Amino acid sequence: PVALKILRPEFLHRPDAIERFRQELLLARQVSNPHVVRIHDLAQDNGRWLLTMDYVEGESLDRRLDREGRFGVDDALRIARQLADGLAAAHARGVIHRDLKPANILLDAEGNAYISDFGVARSLAGNGMTRSGAIVGTPDYVSPEQARGDAVDARSDLYSLGLILYEMLAGKLPFAGGTVTEMLAQRMTRSPPPLDRERTDLPTWVVRLVDRLLRPQPAHRFQSASEVAQAIDARA
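Residues numbered from 1 in each chain as written. Predicted model: local features only at pLDDT ≥ 70, side-chain atom pairs only at ≥ 80, totals over all residues. Heavy atoms only, no water.

Participant: Would you take a moment to explain the sheet that holds strand 2 (residues 39–45) for this structure?
Facilitator: Note on sheets: strands pair through backbone hydrogen bonds, and any given pair is parallel or antiparallel. Spatial strand order, 1-3-2: three strands in an open sheet with antiparallel pairing. Since the sheet does not close on itself, it has two edges, and those belong to strand 1 (2–6) and strand 2, each with one partner. Looking at each pair of strands side by side, their axes are set apart by 25° on average, direction ignored. When strand 2 meets strand 3 (residues 48–54), the two strands line up antiparallel, connected through six bridges. Across the sheet, the residue bridging to Asp45 is Arg48, located in strand 3. Helix 1 (residues 15–29) rests against strand 1, strand 2 and strand 3 of the sheet, and its axis sits at about 155° to strand 2. (Pairing = 2+ DSSP bridges. Helix = DSSP H or I, 4+ residues; strand = E, 2+ residues; numbered from the N terminus. Axes fitted to C-alpha atoms, helices over the stretch in contact; angles between N-to-C directions. Contact = heavy atoms within 4.5 Å.)

Listed below in structure tokens is the structure:
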């Protein structure tokens, strides 16, 4: 069994949408990891463009968050550890996701996490498809450098991972409230309040882990997804 991802009909006459769809296949094929959804083929059927990919029987992380709110510490860290593993594999191939968010993370029946939808990812070795100054990604989960429209690297995905881990542990995103512009402005200038203000049962090292992932300046964050995985393993 495979899953099908079909390009919406209104995009069929947009060459950029078709190219973006093709790019998702080419980039995702470069990444092989147990926690990355494998994409197989790009095909046309009766004028429709579609991708075939591994079928993950379960639900998306955003649906589970909507249903359960905040997670237990062990569950949240296990998911974050698996996401870091998948990101490390992608980054090793020179591929950044650029739109990591709960809707793009699938959970199987055992709760294992899989990263999907490399549709706006761009190879670090290529010149990309995005014009200078454009914001690519979902505003709730973009990094400060994405919000500014700056060039991004693997550390941008780590910021998004930090937002996801914060949301799993707190039951909400940091910098919530106000307009999207106000939220992004806060994100660009400061770190969020310490996570233990939202939840008092967290180990100190977990609070520090999230804080380091969510530093506004990339140089002050973890520098690789492998470092994040190692930090979790060292304390688990």
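Participant: What exactly am I supposed to notice about helix 8 (residues 225–235) here?
Facilitator: Given 3.6 residues per helical turn, the α-helix brings residues three or four places apart onto the same face. Buried within helix 8 are the following residues: Ala225, Val228, Ala229, Ala231 and Ile232. For helix 8, the arc enclosing every buried residue in end-on projection is 160°, short of the 170-degree limit, so these residues lie on one face. Residues Gln230 and Ala234 are exposed on helix 8 and point more than 90 degrees away from its buried face. The secondary structure elements touched by the buried residues of helix 8 are helix 3 (73–92), helix 5 (154–170) and helix 7 (204–213). (Buried < 20%, exposed > 50% of the residue type's maximum accessible area, 1.4 Å probe, protein only. Arc of directions from axis to C-beta.)

Participant: How should I be thinking about the packing of aromatic side chains in this particular structure?
Facilitator: Any two aromatic rings considered together are summarised by their centre-to-centre distance and by the angle between their planes. Applying the stated criterion to the full structure yields zero aromatic pairs. Seen from the ring of Phe71, Arg64 lies directly overhead, with NZ or CZ sitting 4.4 Å from the centre. Over the aromatic face of Phe222 sits the side chain of Arg212, whose NZ or CZ is 4.2 Å from the ring centroid. (Phe/Tyr/Trp six-rings, centres within 6.5 Å; stacked < 30°, edge-to-face > 60°. Lys NZ or Arg CZ within 6 Å of the ring centre and 35° of its normal.)

Participant: What is the right way to look at a nonpolar patch on the surface in this model?
Facilitator: A cluster of nonpolar side chains, contributed by Val2, Leu4 and Ile6, occupies part of the molecular surface with about 270 Å² of accessible area. Within the secondary structure, Ile6 sits in strand 1. By relative accessible area, which is 43% here, Ile6 ends up partly exposed. (Patch = residues over 30% accessible without salt bridge, like charges linked within 9 Å, V, L, I, M, F, W, Y side chains within 5 Å. Areas by Shrake-Rupley, 256 points an atom, 1.4 Å probe, with all protein chains shown as cover. Salt bridge = Lys/Arg side-chain N within 4 Å of Asp/Glu carboxyl O.)

Participant: Would you mind going over unusual backbone geometry with me for this structure?
Facilitator: With glycine set apart, most residues show a phi of negative sign, and most peptide bonds adopt trans. Backbone geometry places Asn46, a non-glycine residue, at a positive phi of 50°. With respect to the helices, strands and loops of the structure, Asn46 is situated in the loop between strand 2 and strand 3. Phi is positive for Arg98, close to 70°, though the residue is something other than glycine. Overall, the relative accessible area of 8% leaves Arg98 in the buried class.

Participant: Is there a simple way to think about the side chain of Arg64 in this case?
Facilitator: Tracing the backbone shows Arg64 in helix 2 (residues 61–68). What makes Arg64 buried here is its relative accessible area of 11%. Setting aside residues up to four positions removed in sequence, Arg64 forms contacts with Glu59, Gly69, Phe71, Asp75, Ile79 and Leu107.

Participant: Would you explain the sheet that holds strand 4 (residues 58–60) in this entry?
Facilitator: The three strands lie next to each other as 4-6-7, forming an open sheet whose pairing is antiparallel. In this open sheet, the two strands that pair with only one neighbour each are strand 4 and strand 7 (113–115). Between one strand axis and the next, the sheet turns through 25° on average, direction left out of account. Inspection of the sheet shows strand 6 (residues 105–108) paired to strand 7 by three bridges, in the antiparallel sense. If you follow Ile105 over to strand 7, its bridge partner there is Ile115. Where helix 3 meets the sheet, it contacts strand 6 and strand 7, and its direction lies at approximately 35° from that of strand 7.

Participant: Even after reading the chapter, I still don't get the nonpolar core, so can you show me in this structure?
Facilitator: A general trend in soluble globular proteins is that nonpolar side chains are found buried together. Ranked by internal contacts, the top residues of the largest apolar core, which has 68 residues, are Leu165, Met168, Leu169 and Leu209. Each residue touching Leu209, except ones within four places of it in the same chain, is listed here: Leu77, Leu165, Phe222, Ala231 and Ile232. (Core = buried A, V, L, I, M, F, W, Y, C linked by side-chain atoms within 4.5 Å.)

Participant: Explanation requested: the layout of surface pockets in the structure shown.
Facilitator: Sizing a probe to match a water molecule and rolling it over the atoms shows the empty space that remains. If you add up the space inside the second largest pocket, you get close to 340 Å³. Met53, Ser60, Ala103, Leu106 and Ser116 are, among the 19 residues lining the second largest pocket, the residues nearest its centre. When contributions to the lining of the second largest pocket are tallied by element, the ones reaching two or more residues are strand 1, strand 3, strand 4 and helix 2. Taken together, the residues of the lining of the second largest pocket sort by class into eight nonpolar, four polar and seven charged. (1 Å grid on protein atoms, 1.4 Å probe; cavity = no way out; pocket = protein on both sides within 12 Å on 5 of 7 lines; lining within 4 Å. Points joined across faces, edges and corners; volume = space filled by probe spheres on them. Nonpolar A, V, L, I, M, F, W, Y, C, P; charged D, E, K, R; others polar.)

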